[in-house]
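Results of the structural survey
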Amino acid sequence: MARTYRAALLGCGNRGAYASRAYRYHPRTDVVGLCDLDRARLDALGDELGVADRFDDVEAMLAAVEPDIVLVPVQTDLHFPLAMRVLAARACHLDVEKPMTVDLAQADALLARAGELGAQIAVHHQGSSLRSLSAVKRALAEGRIGVPLHVTSNGKGYYGGYELMNMGTHMLNALLAVTGPCRRVTATLLTGGRPIAAEDVVQSPSGMGTIAGQQITATLEFDEMLTGTLHQHMFPGIEREALGFEIAGTEGRLRWHYDGAWIQPVPWAVPGRARWEALPERQPPEPLPDGVNAGEYWYVDDYVTALDAGGSHPSDGRRGRHIIEIILAIFESGAYRRPVTLPQAERDHPLLRLRREAGLGDPDPAPRPYREWLAVQAAKHGWPVERTGPLP
Ligand SMILES: NC(=O)c1ccc[n+]([C@@H]2O[C@H](COP(=O)([O-])OP(=O)(O)OC[C@H]3O[C@@H](n4cnc5c(N)ncnc54)[C@H](O)[C@@H]3O)[C@@H](O)[C@H]2O)c1
C-alpha cells in the first residue's frame, strides 16, 4: 500500500491554514502536528483540522511527531532562520512559503544544507500546480501556436519592487515552467518617474528584504522561449485580473491566469475580432470541500508524486533560488543600468551594494503592512493620494 506522508506545520497564520487544509484532505498526506507562538491561532486551526498535537516550540514538535515534511508558512524574513532551525533538528523535507528567501546568500545556504541531508525543498507557488498551466504546456508541445516568440507577464499593481518579490515570484515560477532557465536580464526601474538611485532603495513591506522601483519593466532572455517582458507596475488599485502571462507564437497566442488558460488560434487579432477559447484542464478526483483550494490540492499532489519517485517538486528549491537570481538581477540591472548574465557570480544583494558604494548604510526600517508602508513612500516623495490609492 502506498505510504502516507506525515506533515507538520510551523506557523498557523492565514497561509498555514490554507496549506494545511490541503495536506489534511489529500489521501496521501496527513497533518500530525501544529506549532505556533500564538495559542489562539494554534487552537483554532487544531480544532478545525482535528489535530491534537500542538506546540509552541519547533524542536519539541519535530521530536514528538517525527514528520516527513515540515511546512514553513511564516513571514518571509523568517523563512530562512526557521527552515534552517528545522533542518538542524531533523532531516526532513520542507515546504517553504514564497518567495523562498530574501536574498541569494540565504538561498545558497538553505539549498546546501538540504543537499547535505538529502532533503527536498518545495517552494509554495501553488498557482503553478493548477492544471491550467499543464494545459498551456500541452498546447505548446502540440505546436498549437506554432513557434513561441515572446511572453509578456503582468502583476496585480503593487509598488513594483514589492510586487516583484510578492507576486513576481509566482509569475516567474509559472513562466519558468514553460520557458526553461533565464540567461540574461535587462531592466528599467523608475521611482517617481526617474531611474532609481541609491536613496530609492528601501526596506520592503511584509519583511520581503530590500527592494527598489515603483515601476519596473524587465526583459528576460530564456534558453528556449527567446524573450519575455515582465511588467511590475504600480496601479491606482490592486487588479487581480491583471496577473498572468500571454505567449505569442507564429500561429497563435496562449494566455494563462489563475482562473484558467485560453488559446487564440491566430497570432494577431484586433479587439472585437479576438477569439479566445478555453483550454480544457484536468479536475480533482471529486469536488473539493470548502476551504481546500484546487491550486493547494494539486501542489500537494505534485509533492507526493515527486517524493514517491525520489525526486523534486516542480516548484523546488533550485527553481526557488533561480527566481531569486532573476529578481536580484532585475534590481541590479535597474540600479547599474546594464544587462546582467545569470547565474550571477556575485551573491550579495545588489541594492545594498549600490547603497554601500554611495556611502549609505542599510535602508531605514519601514512599516510592515503595505498600506502604511505606501503612505510613508507617498509622504517622502510628495505623491498625490490618487497615485497611491485606493488600496485593498
Ligand atoms: N502562496 C501564496 O499565495 C501566499 C499568499 C500570501 C502570503 N504568502 C506568504 O506566506 C508567508 C506567511 O504569510 P502569513 O500571512 O500567513 O503570515 P502570518 O504572520 O499571518 O502567519 C505566520 C505565523 O507564524 C507564526 N510564527 C512566527 N514565528 C514562529 C515561531 N518561531 N514558531 C512558531 N510559530 C511562529 C506566527 O505567530 C504566525 O501565526 C509569507 O512569506 C508570504 O509571502 C503566500
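Keep in mind that this is a model prediction, so the values were computed, not measured. (Residues numbered from 1 in each chain as written. Predicted model: local features only at pLDDT ≥ 70, side-chain atom pairs only at ≥ 80, totals over all residues. Heavy atoms only, no water.)

1. Examining the packing of helix α1 (residues 14-25) against helix α8 (residues 294-308)
Applied cut-off: Axis definition: a line fit to C-alpha positions, over the contact stretch in the case of helices; interaxial angles, taken between N-to-C directions, run 0 to 180 degrees. Strands here mean DSSP runs of E at least two residues long; helices mean DSSP runs of H or I at least four residues long; both are numbered from the N terminus. We call two directions roughly parallel when the angle between them is under 35 degrees, roughly antiparallel when it is over 145, roughly perpendicular when it lies between 65 and 115, and oblique otherwise. Left-handed is the label given to a crossing in which the near helix is rotated counterclockwise from the far helix by less than a right angle, and right-handed is the label when the rotation is clockwise. Contact criterion: two residues are considered in contact whenever any of their non-hydrogen atoms come within 4.5 Å of each other.
Where α1 meets α8, the closest approach of the two axes is 9 Å, and the angle between their N-to-C directions is 60°. When the interaxial angle is binned, α1 and α8 end up oblique. The crossing of α1 and α8 is right-handed. In this structure, α1 uses R15, Y18, A19, A22, Y23 and Y25 to contact α8, whose residues at the interface are E296, Y297, Y299, V300 and Y303.

2. A word on the pairing of strand β16 (residues 260-264)
Within a regular beta strand, the side chains point alternately toward one face of the sheet and then the other, so they alternate between its two faces. Rules: Burial classes: relative accessible area under 20% of the type maximum marks a residue as buried, over 50% as exposed, and values in between as partly exposed (1.4 Å probe, protein chains only). Two strands are said to pair when DSSP picks up at least two bridges between them.
Where burial is concerned, most of β16 is hidden: 4 out of the 5 residues are buried. Direction of pairing for strand β15 (residues 253-257) relative to β16: antiparallel, over a ladder of 5 bridges. Within the sheet, the bridge partner assigned to R253 lies in β16 and is Q264. With 2 bridges joining them, β16 and strand β17 (residues 277-278) adopt antiparallel strand pairing. Bridge pairing in β17 places W262 opposite A278.

3. A few points about the nonpolar core
Applied cut-off: Among buried residues, those of type Ala, Val, Leu, Ile, Met, Phe, Trp, Tyr and Cys that are joined through side-chain atoms within 4.5 Å constitute a nonpolar core.
Formed by 64 residues in total, the largest nonpolar core has its most connected members in L220, F245, I247, L254, I326, I330 and F331. With residues up to four places along the chain from it excluded, the contact list for L220 reads L172, C182, R184, V185, L226, T227, G228, L230, I326 and I330. Within the second largest apolar cluster, 28 residues are counted, among which are V32, L62, F80 and A107.

4. Overview of the sheet that holds strand β2 (residues 29-35)
Here we have 6 strands laid out as an open sheet, ordered β3-β2-β1-β4-β5-β6, and parallel in their pairing. Each of the sheet's edge strands pairs with one partner strand only, and the pair in question is β3 (54-55) and β6 (121-124). With 4 bridges joining them, strand β5 (residues 93-97) and β6 adopt parallel strand pairing. Following the sheet pairing, L94 is matched in β6 by I121. Across the face of the sheet, α1 comes into contact with β1 (5-10), β2, β4 (69-72), β5 and β6 while running at roughly 145° to β2.

5. Describing the site of the ligand
Selection rule: Near, as used in this document, describes a residue that has one of its heavy atoms within 4 Å of the molecule or strand being considered. Polar contacts, as counted here, are pairs of nitrogen or oxygen atoms within 3.5 Å of one another; within protein the pair requires one atom able to donate a hydrogen and one able to accept it, and residues that are adjacent in sequence qualify only if both atoms are side-chain atoms. Only the protein chains shown count as cover for residues, and all accessible areas are computed by the Shrake-Rupley method using a 1.4 Å probe. Residues are grouped as follows: Ala, Val, Leu, Ile, Met, Phe, Trp, Tyr, Cys and Pro are nonpolar; Asp, Glu, Lys and Arg are charged; all remaining types, including Gly, are polar.
For the ligand, the set of nearby residues contains 22 residues, the closest of which are D36, R41, T76, H79 and Q126. At 2.7 Å, a side-chain N or O of D36 approaches an oxygen atom of the ligand. T76 is positioned with one of its side-chain polar atoms (N or O) 2.9 Å from an oxygen atom of the ligand. For the ligand, whose free accessible area comes to 870 Å², the fraction covered by protein is 79%. It is helix α4 (residues 76-89) that provides the largest number of residues to the shell around the ligand, a total of 4 residues. Residues that form the shell around the ligand fall into these classes: 8 nonpolar, 9 polar and 5 charged.

6. A few points about the side chain of T29
When you line up the elements, T29 lands in strand β2. For T29, a relative accessible area of 4% translates into the label buried. Among the polar contacts listed, one links the side chain of T29 to the backbone oxygen of Y23, at a separation of 2.6 Å. Contact partners of T29, with chain neighbours within four places excluded, come to T4, Y5, A22, Y23, R24, V300 and V304.

7. Some words on a nonpolar patch on the surface
As a reminder of what qualifies: Patch definition: residues above 30% relative accessible area lacking any salt bridge, with like charges linked at up to 9 Å and the nonpolar side chains Val, Leu, Ile, Met, Phe, Trp and Tyr linked at up to 5 Å. When a carboxyl oxygen of Asp or Glu lies within 4 Å of a side-chain nitrogen of Lys or Arg, that pair is called a salt bridge.
Together, V147, L149 and L226 make up an exposed nonpolar region whose accessible area comes to about 250 Å². The topology assignment puts L226 in the loop between β12 (215-222) and β13 (227-233).

8. Considerations on the environment of G115
Of note, G115 is situated in helix α5 (residues 104-117). With relative accessibility at 54%, the residue G115 sits in the exposed group. Linking G115 and P267, residues 152 residues apart in sequence, is a C-alpha distance of 44 Å.

9. Quick look at helix α2 (residues 39-49)
Stated formally: An arc is given here, and it is the one of the directions from the helix axis to the C-beta atoms.
Looking only at α2, the buried set comprises L42, L45, G46 and L49. Looking straight down α2, one finds its buried side chains confined to an arc of 105°; they lie on one side. In α2, those exposed residues whose orientation departs by more than 90 degrees from the buried face are A40, A44 and D47. Looking at where α2 begins, the residue whose side-chain oxygen comes 3.0 Å from the main-chain nitrogen of A40 is D38. Downstream of α2 by one or two residues, G50 has phi in the positive range, about 70°.

10. So, the domain arrangement of the protein chain
To be explicit about the condition: Delimitation of the domains relies on an automatic or database domain assignment. By definition, the buried area sums, over both parts, the 1.4 Å-probe accessible area that each loses when the two are put together.
Entries for the protein chain in the domain assignment read domain 1 (5-127 + 303-312) and domain 2 (128-280 + 293-302 + 313-392). Domain 1 and domain 2 are separated by 26 Å when their C-alpha centres are compared. If you look at the interface, domain 1 gives 37 residues, while domain 2 gives 37 residues. Of the roughly 3200 Å² buried where domain 1 meets domain 2, counting both sides, 57% is carbon and sulfur surface. It is L104, H125 and G127 in domain 1 that bury the most area against domain 2; as a group they hold 23% of the surface buried on that side. On the surface where domain 1 and domain 2 come into contact, there are 4 salt bridges. Note that D108 and R321 form a salt bridge whose closest N and O atoms lie 2.9 Å from each other. Inspection of the domain 1/domain 2 interface yields 30 residue pairs in polar contact (both at pLDDT 80 or more). Of all the secondary structure elements, the ones that give two or more residues to the side of domain 1 that touches domain 2 are α1, α4, α5, β6 and α8. Take the side of domain 1 that touches domain 2: its biggest share by element is 6 residues, from α1.

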